[in-house]
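# What the coordinates show
Listed below, chain by chain, are the residues.
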Amino acid sequence: MEVTRDESWYKSKYQYLEITYLEPKIALVTINRPSKANACHIQMHWEFSEIFKDLDSDASINVILVTGKGKNFSGGGDHDMILQMSSDRSVLYRVYEDARALPLNMIHCRKIIISAINGPAVGAGCALALMADITIASENARFNDGHSRLGVAAGDHAAGIWPLLCGMAKAKYYVLTGDWVSAKEAERIGLVSQVWPHEEFFERAKKVAEQVSRGPQWAVRGSKRAMDGLLKQNFVSSFEVSCALEMLHFGDPDVKEGIKAAMEKRAAVFPTAVGRSDTTRGAKL
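Because the structure is predicted, anything quoted here is derived from the model rather than measured.

Core analysis: the biggest nonpolar cluster contains 69 residues, and Phe-52, Ile-64, Leu-128, Phe-143, Trp-162 and Phe-250 have the highest contact counts within it. Here this core takes eight residues from helix H4 (residues 89-108), the largest share from any one element. Apart from the residues within four sequence positions on either side, Phe-143 is in contact with Ile-117, Ala-121, Cys-126, Leu-130, Ala-137, Asp-179, Trp-180, Val-181, Ala-183, Ala-186 and Val-192. Residues Leu-28, Leu-65, Ile-112 and Ala-205 belong to the second largest nonpolar core, which totals 13 residues.

All right, on to helix H5 (residues 123-130) then. Counting buried positions over the eight residues of H5 gives eight, a clear majority of the element. By the burial criterion, the buried members of H5 are Gly-123, Ala-124, Gly-125, Cys-126, Ala-127, Leu-128, Ala-129 and Leu-130.

This part takes up the packing of helix H3 (residues 79-87) against H4. It is the contact of H3 with H4, at a shortest axis distance of 5 Å, that shows an interaxial angle of 115°. Of the two possible hands of crossing, H3 and H4 adopt the one that is left-handed. Between H3, through Met-81, Gln-84, Met-85 and Ser-87, and H4, the contact on the second element is made entirely by Arg-89, Val-91, Leu-92 and Val-95. Its residues assigned to classes, the contact of H3 with H4 comprises five nonpolar, two polar and one charged.

Before going further, it helps to spend a moment on the pattern of salt bridges. A full pass over the atoms with the stated rule returns 17 salt bridges. Residue Glu-185 is joined to Lys-170 by a salt bridge in which the shortest nitrogen-to-oxygen separation is 3.9 Å. Of the two residues, Glu-185 is situated in helix H9 (residues 183-189) and Lys-170 in helix H8 (residues 168-177); the sequence distance between them amounts to 15 residues. Residue classification places Glu-185 among the buried residues on the basis of a relative accessible area of 16%. The residue Glu-185 makes a salt bridge to Arg-188 at a minimum N-O spacing of 2.8 Å. Of this pair, Glu-185 and Arg-188 are both found in helix H9, three residues apart, which corresponds to roughly one turn of the helix. Linked through salt bridges whose partners overlap, the residues forming this network are Glu-2, Asp-56, Arg-110 and Lys-111.

Take the pairing of strand S4 (residues 112-117) next. Taking burial as the measure, the six residues of S4 include six buried ones, the bulk of the element. Burial along S4 is two-sided: Ile-112, Ile-114 and Ala-116 and Ile-113, Ser-115 and Ile-117, pointing in opposite directions, are all buried. Sheet topology note: the strand S3 (residues 63-68)/S4 ladder contains four bridges and is parallel. Across the sheet, the residue bridging to Ile-64 is Ile-113, located in S4.

On the secondary structure map, Leu-83 appears in helix H3. Here the alpha-carbon distance between Leu-83 and Ile-259, two residues 176 residues apart in the chain, equals 7.6 Å. In contact with Leu-83, not counting residues within four places along its chain, are Ile-259 and Met-263.

Rules of the game
- Residues numbered from 1 in each chain as written.
- Predicted model: local features only at pLDDT ≥ 70, side-chain atom pairs only at ≥ 80, totals over all residues.
- Heavy atoms only, no water.
- Core = buried A, V, L, I, M, F, W, Y, C linked by side-chain atoms within 4.5 Å.
- Buried < 20%, exposed > 50% of the residue type's maximum accessible area, 1.4 Å probe, protein only.
- Helix = DSSP H or I, 4+ residues; strand = E, 2+ residues; numbered from the N terminus.
- Contact = heavy atoms within 4.5 Å.
- Axes fitted to C-alpha atoms, helices over the stretch in contact; angles between N-to-C directions.
- Left-handed = near helix turned anticlockwise from the far one by under 90°.
- Nonpolar A, V, L, I, M, F, W, Y, C, P; charged D, E, K, R; others polar.
- Salt bridge = Lys/Arg side-chain N within 4 Å of Asp/Glu carboxyl O.
- Pairing = 2+ DSSP bridges.

Everything listed is a geometric property; what it means functionally is a separate question.
Written out as structure tokens, the structure is:
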């Protein structure tokens, strides 16, 4: 059931997502933690998972336009959240449910979602950027799944959606190596819809949002639902496995090293890579 909301309703619920109504019937969602590269802590991660349910039921809008404040789209999970996940199972389970909800709620959202990717997108931020129906990036944007650098499986979205967007060969290369994907390369391989100069990209994304919002809504929503049927068949099964494996790996010694290396800004020396005796798994990798 749809209800009519206003900006003040969202302001009362969301601390780190700013919702602004634009004409015609567009909701602009701005990720607002620029002092921390728009990285997620637990509250913000929950907000990512929740916002598309609320916007889906908002009768005031046809299209959702998502961007980041400042130089970054979103830096993914911050160090504090990752440390809590690795030490407190109640936090781990909470983040697991939110991580599952984010891409699934984007798929199930009837409104068209457009991401205006202003800068680097990592981890959950990369999921938010690339699970959108249309992805318009600045030339300043770059993309990294981020999980292999931390020492966990690619659980937020990449194992499921990257092969569908850019093919298995490129997806495996970037997910398994943890290399960054530049905006230019992302457009070339099909990871994003379009790339524009930084001074133009947001207006380009806004024009696309206006075009879709003025279109026949039952038709565009029906087309989205039909195409998302492919995602439900081909994305969801691998996503569920990868998300569960990611959470399982938070109990491994590799994660402790991955977090420490990230905080110290050095290359990680993962215990499982060097065959250290303190790796806790009995099975061979």
